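Architecture and fold: a report
So the chains spell out like this:
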Amino acid sequence: MTLDILTPEEVQKLRDLISQSQNIIICCHESPDGDAIGAMLGWAEFLRNQGKQPMLVAPDAFPDFLRWLPCIEKIVRYDKHNVAVEEAFQKADLVFCLDFNSSKRLWDMQETLDKFTGNKVLIDHHLGPDIDAQIIVSKPEMSSTCELLFRIIYQMGGFEAMTKQGAVPLYCGMMTDTGGFTYNSSRSDIFYIISLLLTKRFDKDKIYRSVYNNYSEWAIRMRGYVMSQKLNVLPDSHASYFSITRKEMKRFHFIKGDAEGLVNEPLRIKGMRMVISLREDTVKDNTVWVSIRSVDHYYCNTIAEKFFNGGGHPNAAGGHLYCTIEEAEQVALKAIIYFTNMYNKG
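Before going further, it helps to examine the overall build of the chain. For the chain, the helix and strand inventory stands at 12 helices and 12 strands. Over its C-alpha trace the chain gives a radius of gyration of 20 Å, about what one expects of a compact globule, namely 20 Å for 346 residues. Each principal axis of the C-alpha distribution contributes one length, and for the chain these read about 55 × 45 × 40 Å. Burial status across the chain gives 55% buried among its 346 residues. Within the chain, contacts between residues separated by at least 24 positions form 66% of all contacts whose residues are at least 6 apart in sequence. Here the chain carries 39 positive and 43 negative side-chain charges, and the mean point of each set is 4 Å from the other.

Spelled out as structure tokens, the structure:
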């Protein structure tokens, strides 16, 4: 089984870019998830094995349940240290863009990347990359950016030198972007990659517990409240939606990551095909974050693009709206009607 995804020319070009660069930055998208954080940490460890000392930059906060990952303290947040990040970009000669297809996904950090005139490498698994880069590795069929990075590291001969510190974040990213390998993970080579990663002797069960069994009491209470009091089920449409307001988040002492995966819960309902989650921004007024999940051939990325200024994968997408939460609920209802008609209730 071959894991190669780069041409020999791309491998050599990537080697040259790394060896010739002294100031390297690795960045990911806003509201980074397990795949984005895992990709940055895993790739950074590979670069350190090449004698480099990359700077890791995230636009904003990452979920609390990822704080156990090795070397996560090395990540610099743009929203807290924008001056330092902008100075680093001015000095950088190579930037790796991981797990995002457009600079728009950096939000407040977008202009900083757009102004960068040095070499860029894009490694991502989302559709439609529009970043001008010297190397673009765009594979939407892959489970995660972490899977892509493992393949690249393996192809470049970096697997033998990979430590547990480098393997753990890559495994975590693959696990979280597939819901614990419950979707977008039916190809046999994914499990071949997992078997190789496990030779680095880490406890995959502990990683699962650290991610999925690491909520506060308040987070669990909030999840129960949302599912019992806020879930709207439209049986004839095989769809549902729920909203979480800033007031409700305050009531349940919300921290980043407390709503992670909650959008998947209604898919447990028999016959459910699509779920839309709406959540007010914790700081900005009239900003609503949207997550959408669907199953089988009932694709939700079209819904994200058409109604929520977003996009994503066929069964996992997201976006945002600039409006009140009440107005967002009306948009969700229109999206569900469109979804129902698109599939003709079939």
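Back to the write-up after that little detour.
This brings us to the nonpolar core. In terms of nonpolar packing, the biggest core is built from 61 residues, with Leu14, Trp43 and Phe96 touching the most fellow members. For this core, the leading source of residues is helix α2 (residues 34-49), giving nine residues. For Leu14, the residues in contact, after removing those within four places along its chain, are Leu6, Trp43, Phe96, Val121, Ile135, Ile152 and Met156. Counting 24 residues, the second largest nonpolar core, distinct from the first, contains Val288, Ala304, Ala317 and Phe339.

In this structure the tally under the stated criterion is 20 aromatic pairs. Between Trp218 and Phe252, the aromatic rings sit 6.3 Å apart at their centres with planes inclined by 65°, giving edge-to-face as the arrangement. Of this pair, Trp218 sits in helix α9 (residues 217-230) while Phe252 sits in the loop between α10 (246-251) and β9 (274-280); the two residues are 34 residues apart in sequence, bridging distant segments of the chain. Trp218 gets classed as partly exposed once you look at its relative accessible area, which sits at 36%. According to the relative accessible area criterion, Phe252 is buried, its value standing at 5%. A centroid spacing of 6.4 Å and a plane angle of 50° characterise the contact between Phe307 and Phe308, whose relative ring orientation is tilted. The pair Phe307 / Phe308 is uniform in exposure class, with both members buried.

The next subject is the side chain of Ser143. With respect to the helices and strands, the residue Ser143 is situated in the loop between β6 (135-138) and α5 (145-155). You can call Ser143 buried: its relative accessible area is 1%. A polar side-chain atom of Ser143 sits 3.2 Å from a polar atom in the side chain of Ser144. Here the side chain of Ser143 touches Glu147 through a polar contact of 2.6 Å, side chain to side chain. Setting aside residues no more than four positions away along its own chain, Ser143 makes contact with His125, Met174, Asp177, Thr178, Asn184, Arg187 and Ile190.

Turning to the pairing of strand β8 (residues 239-244), a few remarks are in order. Most of β8 sits inside the fold, with six of its six residues counted as buried. Neither face of β8 is exposed, since Ala239, Tyr241 and Ser243 on one face and Ser240, Phe242 and Ile244 on the opposite face are all buried. Pairing between strand β7 (residues 232-234) and β8: three bridges, direction antiparallel. Pairing of Val233 across the sheet is with Ser240, part of β8. Linkage of β7 to β8, two consecutive antiparallel strands, is achieved through a turn of four residues, within which His238 is found at a positive phi near 55°. The sheet contact formed by β8 and β9 spans six bridges and is parallel. Across the sheet, residue Phe242 finds its bridge partner in β9, namely Ser277.

Rules behind the numbers
- Residues numbered from 1 in each chain as written.
- Predicted model: local features only at pLDDT ≥ 70, side-chain atom pairs only at ≥ 80, totals over all residues.
- Heavy atoms only, no water.
- Helix = DSSP H or I, 4+ residues; strand = E, 2+ residues; numbered from the N terminus.
- Rg over C-alpha atoms; globule rule 2.2 N^0.38 Å.
- Buried < 20%, exposed > 50% of the residue type's maximum accessible area, 1.4 Å probe, protein only.
- Contact = heavy atoms within 4.5 Å.
- Lys, Arg positive; Asp, Glu negative; His and termini not counted.
- Charge placed at Lys NZ, Arg CZ, Asp CG, Glu CD.
- Core = buried A, V, L, I, M, F, W, Y, C linked by side-chain atoms within 4.5 Å.
- Phe/Tyr/Trp six-rings, centres within 6.5 Å; stacked < 30°, edge-to-face > 60°.
- Polar contact = N/O pair within 3.5 Å; in protein donor to acceptor, adjacent residues only side chain to side chain.
- Pairing = 2+ DSSP bridges.

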